[in-house]
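Observations on chain architecture
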Protein chains: 2
Amino acid sequence: MSNDSLFTVEEWSIREKELHLDALAQTESLFALSNGHIGLRGNFDEGDPHGLPGTYLNSFYELRPLPYAEGGYAYPESGQTVINVTNGKLIRLLVDDAPFDVRYGTLLEHERELDLRNGVLRRSIHWTSPAGRTVKISSVRMVSFTQRAIAAICYEVEPVDAPVRIVVQSELVANEALPPQSKDPRVGAALESALECEEHQAHDASGMLIHHTRVSGLRMGAAMDHHVEGPPGITVTSTSSPDVARVSIIGRLRPGERLRIVKFIAYGWSSLRSRPAIHDQIIAALAAARQTSWEGLLAEQQAYLQDFWATADIELEGDPQIQQAIRFALFHVLQAGARAEGRPIAAKGLTGPGYDGHAFWDTEIFVLPVLTHTLPTAAADALRWRHLILDKAREQAQQLRLYGAAFPWRTIRGAECSGYWPAGTAAFHINADIAYAVTYYLQATGDMTFEEEVGLELLVETARLWCSLGYHHPTTNQFRIDGVTGPDEYSAIADNNVYTNLMAQHNLRWAVEAVQRHPEKAQALGVDSHEAASWHMAAKHMLIPYNAQLEVTPQDESFIDYQVWDFTGTLPHQYPLLLNFPYFDLYRKQVVKQADLILAMHLRSDAFTPEQKARNFAYYESLTVRDSSLSACTQAVMAAEVGQLELAYDYLGEAALVDLHDLHHNVQSGLHMASLAGAWLALVAGFGGMRVQNGALYFSPCLPNALERLAFRLLFQDRHISLEITPTAATYRLLDGLPLRVHHHGETFTLALDEPATYPIAPIQAGPRPSQPVGRAPARRSERL
Amino acid sequence: MSNDSLFTVEEWSIREKELHLDALAQTESLFALSNGHIGLRGNFDEGDPHGLPGTYLNSFYELRPLPYAEGGYAYPESGQTVINVTNGKLIRLLVDDAPFDVRYGTLLEHERELDLRNGVLRRSIHWTSPAGRTVKISSVRMVSFTQRAIAAICYEVEPVDAPVRIVVQSELVANEALPPQSKDPRVGAALESALECEEHQAHDASGMLIHHTRVSGLRMGAAMDHHVEGPPGITVTSTSSPDVARVSIIGRLRPGERLRIVKFIAYGWSSLRSRPAIHDQIIAALAAARQTSWEGLLAEQQAYLQDFWATADIELEGDPQIQQAIRFALFHVLQAGARAEGRPIAAKGLTGPGYDGHAFWDTEIFVLPVLTHTLPTAAADALRWRHLILDKAREQAQQLRLYGAAFPWRTIRGAECSGYWPAGTAAFHINADIAYAVTYYLQATGDMTFEEEVGLELLVETARLWCSLGYHHPTTNQFRIDGVTGPDEYSAIADNNVYTNLMAQHNLRWAVEAVQRHPEKAQALGVDSHEAASWHMAAKHMLIPYNAQLEVTPQDESFIDYQVWDFTGTLPHQYPLLLNFPYFDLYRKQVVKQADLILAMHLRSDAFTPEQKARNFAYYESLTVRDSSLSACTQAVMAAEVGQLELAYDYLGEAALVDLHDLHHNVQSGLHMASLAGAWLALVAGFGGMRVQNGALYFSPCLPNALERLAFRLLFQDRHISLEITPTAATYRLLDGLPLRVHHHGETFTLALDEPATYPIAPIQAGPRPSQPVGRAPARRSERL
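Described in the following lines is the structure provided in the data block. As the structure is a prediction and not an experimental result, all values here were calculated from the model.

1. Comments concerning helix H15 (residues 632-641) of chain A
Residues and elements named next belong to chain A. A large share of H15 lies buried, amounting to 9 of its 10 residues. All of the buried residues in H15 are Ala632, Cys633, Thr634, Gln635, Ala636, Val637, Met638, Ala639 and Ala640. Looking at the packing, one finds that the buried side of H15 touches helix H4 (362-374), helix H13 (597-603), helix H14 (610-621), helix H16 (645-657), helix H17 (673-687) and strand E26 (691-693). Once H15 finishes, Gly643 follows within two positions and takes phi at roughly 90 degrees, a positive value.

2. A closer look at the relation of the copies chain B and chain A
By a simple turn and slide, chain B fits onto chain A: the slide is 0.0 Å along the axis, the RMSD is 0.0 Å, and the turn is 180 degrees. Those values place the two copies in the arrangement expected of a two-fold rotation axis. Taking C-alpha positions as reference, the residue of chain B nearest the rotation axis is Tyr68 of chain B, located at 2.4 Å. By residue overlap, the copies meet face to face through one surface: 100% of the interface positions of chain B are interface positions in chain A.

3. A word on helix H17 (residues 673-687) of chain B
Residue and element names in this part refer to chain B. Between its first and last C-alpha, H17 extends 21 Å over 15 residues, near the 21 Å set by a 1.5 Å rise per residue. Bending of H17 peaks at approximately 30 degrees at the position of Leu681. Summarising burial for H17: 15 of the 15 residues are buried, a large majority. One or two positions beyond H17, positive phi appears at Gly689, with a value near 65 degrees.

4. Digging into the pairing of strand E27 (residues 696-699) of chain A
Residue and element names in this part refer to chain A. Strand direction decides the pairing type here: E26 and E27, joined by 3 bridges, are antiparallel. Paired with Gln693 across the bridge in E27 is Ala696. A loop of 2 residues connects E26 with E27, the two strands running antiparallel in sequence, and Asn694 in this loop sits at a positive phi of about 50 degrees.

5. Things to note about the sheet that holds strand E32 (residues 747-751) of chain B
All names here are of chain B. Overall, mixed pairing links the 4 strands, which are arranged E26-E27-E31-E32 in an open sheet. Single-partner strands in this sheet number two, and they are strand E26 (691-693) and E32. When the angles between neighbouring strand axes are averaged without regard to direction, this sheet yields 30 degrees.

6. What about the pairing of strand E8 (residues 87-95) of chain B?
All names here are of chain B. Summarising burial for E8: 7 of the 9 residues are buried, a large majority. With 2 bridges joining them, E8 and strand E9 (residues 98-99) adopt antiparallel strand pairing. Residue pairing for E9: Leu94 is matched across the bridge by Pro99.

7. Describing empty space enclosed by the protein
In total, this model carries 17 cavities of 30 Å³ or more according to the counting rule given. One number sums up the size of the largest cavity: a volume of about 420 Å³. Residue lining of the largest cavity: 37 residues in total, with Tyr75, Gly419 and Tyr420 of chain A together with Tyr420 and Pro422 of chain B positioned closest to the centre. Listed by contribution, the elements that provide at least two residues to the lining of the largest cavity are helix H12 (583-587) of chain A together with helix H12 (583-587) of chain B. Split into classes, the residues belonging to the lining of the largest cavity amount to 25 nonpolar, 8 polar and 4 charged. As a volume, the second largest cavity reaches approximately 260 Å³. As for the second largest cavity, its lining consists of 22 residues, of which Ile493, Ala494 and Tyr562 of chain A together with Ile493 and Ala494 of chain B are closest to the centre. A breakdown of the residues in the lining of the second largest cavity according to their chemical character gives 11 nonpolar, 6 polar and 5 charged.

8. Quick look at the sheet that holds strand E3 (residues 33-34) of chain A
Residues and elements named next belong to chain A. Across the sheet, 3 strands lie side by side as E3-E4-E5; this open sheet has antiparallel pairing. This sheet does not close on itself; its edge strands, each paired only once, are E3 and strand E5 (55-57). Alignment of E3 against strand E4 (residues 38-40), held across 2 bridges, turns out to be antiparallel. In the strand pairing of E4, Ser34 is matched with Gly39.

9. Notes on the pattern of salt bridges
Residue and element names in this part refer to chain A. Applying the stated criterion to the full structure yields 112 salt bridges over all chains. Between Arg709 and Glu724 there is a salt bridge, and its shortest N-O distance comes to 2.7 Å. Of this pair, Arg709 sits in strand E28 (residues 709-716) while Glu724 sits in strand E29 (residues 719-725), and the two are 15 residues apart along the sequence.

10. Regarding the packing of aromatic side chains
The relative placement of two aromatic rings is captured by the distance of their centres and the angle of their planes. Summed over all chains, the structure comprises 52 aromatic pairs over all chains. The interplanar angle of 75 degrees and the centroid separation of 5.2 Å between the aromatic rings of Tyr619 of chain A and Tyr620 of chain A together place this pair among those described as edge-to-face. With a centroid separation of 4.8 Å and 5 degrees between ring planes, the pair formed by Phe145 of chain B and Tyr304 of chain B is classed as stacked. Here the residue Phe145 of chain B occupies a position in the loop between strand E12 (134-143) and strand E13 (150-159), and Tyr304 of chain B occupies one in helix H2 (residues 275-312), the gap between them amounting to 159 residues. What makes Phe145 of chain B buried here is its relative accessible area of 1%. Residue classification places Tyr304 of chain B among the partly exposed positions, given a relative accessible area of 21%.

About the cut-offs
Residues numbered from 1 in each chain as written. Chains lettered and ligands numbered in written order. Predicted model: local features only at pLDDT ≥ 70, side-chain atom pairs only at ≥ 80, totals over all residues. Heavy atoms only, no water. Buried < 20%, exposed > 50% of the residue type's maximum accessible area, 1.4 Å probe, protein only. Helix = DSSP H or I, 4+ residues; strand = E, 2+ residues; numbered from the N terminus. Contact = heavy atoms within 4.5 Å. Least-squares fit on C-alpha atoms with pLDDT ≥ 70 in both. Expected span 1.5 Å × (residues − 1). Bend = angle between axes of the 7 residues up to and from the residue. Pairing = 2+ DSSP bridges. Axes fitted to C-alpha atoms, helices over the stretch in contact; angles between N-to-C directions. 1 Å grid on protein atoms, 1.4 Å probe; cavity = no way out; pocket = protein on both sides within 12 Å on 5 of 7 lines; lining within 4 Å. Points joined across faces, edges and corners; volume = space filled by probe spheres on them. Nonpolar A, V, L, I, M, F, W, Y, C, P; charged D, E, K, R; others polar. Salt bridge = Lys/Arg side-chain N within 4 Å of Asp/Glu carboxyl O. Phe/Tyr/Trp six-rings, centres within 6.5 Å; stacked < 30°, edge-to-face > 60°.

Interpretation in functional terms is not warranted from these geometric data alone.
Set out below in structure tokens:
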């Protein structure tokens, strides 16, 4: 079902006022809480009913075999898969002799609210049991941004019309049974009973379970403690067994009385630390949380978010749905990255098991630019994780008989987990994408320490890769990169993919410059002038194909000679095409799953003239089916740049609502972090026209008809900047820091503290609206308002 | 180990005079007997020791799952795999209380001989048991060409120096334990305990087992009966259990006395017929064989082979090793195809489990032309098998959203069993290869009934495939076939592979002509003039890339722009490259596993000028590493055509000795039928220069220095023809039938019965010998003689 009508449209909340059992798995993803370290899906406290139970710890994985019908050299034999760890959010309730379950009895009221300003998930229930006892239940759940190991729940029950006996069982449960796995290859593999118990205990109101994974050998612990308030006569007991620790809270309540339980949950894991060390670590975290108290945790959470929104908020007038969606998006991007701290930001954050919990290239291209301007330490941390897995990437390059580092296409802790190399290992652009995120971060922050400690080595090792991957053609001297896969997954193993070559060029150029800035460190990395010169020459002679006849940039050298996909002969239910046509056929036709050349025009804006951009945009619009969520936002950005503002607005809608409206029908396995971040890009890089080039900030603001005002804030080189756009003018404000040169529609000015600068926006004359493949045009945003 | 010295060089035998236990698995393949229906590996009668036990029935398979780390649309979920069926060749021997096993006691003499004129495998043993009893054992084994369901063994034992008690256990054994499977993907998957018993019985000197496969549900039966001769007092008893039927023959022999046992074995299988039907079928076959008697079977076998050699023999003076090898090769090609009768000829015949027992394109391109000239009914039968699986091929086309028929890349009974589509399903040339074999057969036989019944539909359905697979480019009108894989498996998913496009062109042209010859049948197949015209236009405008700068035909449109493989940086142990480098890297470089463009120059000789052939040959010689056994023979043919006779001779040696000398180190899993057939091609199409074009026979004979005489015979349009080549002249003879126009080095003459025609051979002035990648030149044949 579409989630279109599941939620009320509000500025700062996602509120569900009616229970849709058939959308449980979707809402569990949407209501997921995370701090980048712990992730709790929005499962009901009582566990049942559920769509998909999910509790995750960033980078805590099990290995599963990767089988092949026909093997090949260097195919990975096993893959890292995120697993559902010990569930600490379980609070079961017995009302007299009836277990509380919304599927039985009468649900008089149901409300869930994801509060984006306070960082909590609230739930309130008014329920009559099958035996006729009515209770009100409320729970507030959080995963703390300030205490990384901690989640907490405040759970309250009160009888409405008659005394009842209440039994609350608050649990830690390992190895929960999971629903059977989908056949869709994009859904992660469920791994059953992956955890083996090392320690279990319970006493008073507390409990603890320590387990390790059977194959990957990682160790994790979960502990809980409770603060119980209620009328006299409440008893608390506890038990434990290898996979369950249970605290039972029993009492009788009369109307007007209330049982209030605060459950503190601590998680810890390590690949190295001993059982006693993990034990002590979670006990310590739990003690600190108890001392902070529920109210203290709430206050810390609110303060943390106040800071975040002060830096990152976006205001939008004229489209409350998008206003809500963009804050939802930013909140989840924050949740995915805030406290990852040297661990990856996965494609689905910690909201579900989709894509096996792997991180891909899109973190660097879509998510990190957003974090760079809103929470730069999180962006730096994510890149530090890449730096941490450099050894694995160097090993991978060696195994592929290449130089430098070849980062895995998909991974949790550095090992290549791609089981289909044409759309995995061959997509070498990920290395240039990481380099791009490094250069973006460096330009936006000026963080030279990071360049020396982390950035330089990443740039050097990826530059080395490109030099061994490409070669100078003996007669033309052009630098060719043959047989690789670009972002568009409906093409593969193509020669001189323009995106790849332009991004590699950028990578090589930056490596040359970084080496000049850090000669000593460069020498320590073994770079000599000869090697740097080879990067320079490769960049200089990089082959960028161009079709002079059509005046269009081909996606790769052969693309434009291919037959155009038979769009008119393709039925609506045959999308996504990859589920209905062989890769063989997709690869050899002109059909684009997701922005590829269009993304190149965004990220390498300098490499195209405005006329080329407009022609290319129109050409690829007619071929792009958007079977990937990594497309609409980029199409929004480039549509805005070529003046197609209404089209850009439509794509903004698609990017921003991808999860709230479940546009790809797979929200149940997790949110699409890159598309959520892409909604920010669609607004800031699209309607704001923001580009960062040569360390400077460029804007070309403009608005579609429906929007009356767009205001956003961002960090740039240690300064808070705000931009307020109306249909006719843009006002720039520097909120702190030293004056800064800024570009508005090609005009340069200096922005200083307390000196807002307002510039007019000229009306844009765009050509006709480009058309999309039949049936694949984005929903018209203007028509639904 | 190399088998170089395993055998004596003889004209009509492969004889092993010493036992090499470490080469058992190889010799079992080399000594395999088959009639194309039953295949028995050359395992010792007593079962132990063995390299790899093997008994096969053509097309009797089990299904095994084909797993994928990442699935995709239309990937086959299971694969057909040839299985080791009930072993009927087991005859165990107890000498007093010691089991006869060559690894114990003393082996005084050991000899095995594959007799190519009589079609039997002989073995003689002189052995002293650990307890000091000496016996002579001999066995003669055959798989009958004339009684398709029958194999037979004549087994004799006699004591040498003292009386002994002899126990002979002659068995049928199902579900034999097999050695663990290799990790090399080219080795077939062993399937254990695939057979489930339906019936077992034994009485007197006979036994029977009927089983079915667990998953594929095929039913097979094996039965045995014995004729026993010996001194008085021999007793015969029998027992059976679900997987074993055993006849025990016990007696005391004194020196001078002999026990002689003739074992008749009958096999039958069916996917449809009931247990009683199979039961009766094998009993009937057994009865017929008994009535024929051992001597009768021997006589029939010899007569059959006499006919074959009278048609097919090749005589070679100057190289006894190749003389032996070519007869060995022809014998095995005959064994693979003789009685297949509507079933495929697998890549390894019925000599081992390699490649899962699948048939590929090379049967049509290498094996069928040889059979067409030596046993044309077998060639026709193999193509009838393709006709039988047309429905499956049509289904496959439909699933791939194409028209006509898409034959499986690898299969036993028609289902696509390829688990890696870039080197499987994408290799669409197999369809043109089947069409080519049809046209070759039609030209060489003039069999118009076959064209109407079988050929036409194959040509029509494959032409339809090409028309839906390619398209006319909108501006150039050239017919492009993008994103397919040609014969060279170190390239894949390439645009306009020249081999594919030329073969498709041939296919389309022949379809147009065949439709004109059979208008009614064509109409019944739904072909109208519009469709035939579309084939004509596709053929006419077929894109054949050419690199004018280098004056070379590129293997595909992009190939020549790729970096040349770093041959000097590749170490000898890194071949075959596919086991040491990723496909990714192989596909994007100029490196050729096996003849591709070179094969196109052989099969589409008309599409290249002599100068182009010479330039192309030299260009691809420098890139071809021959990691496939499907290369040397074609290189021999084209080397001869461009006048590089010594090089052609070296390649002949490699093709002919591929199995006898185990050049690819994998003979243990079966013989390389295409390379064996290729040895014939190297001689006849190479040094004979034979081409069949437009229904006519062309020769351009020539000899390398070492050969004094080459004489071969072949069938052409119902005539037996012989050609005798000496260094200076060629003599043509028509042995029966009507006069025929023949071409000798471009000169046309009429060949008539009893009128031998002798033509001189001019000395050839060839350019310098082309060079191969470092370390990959073929062994110099002239240096070893």
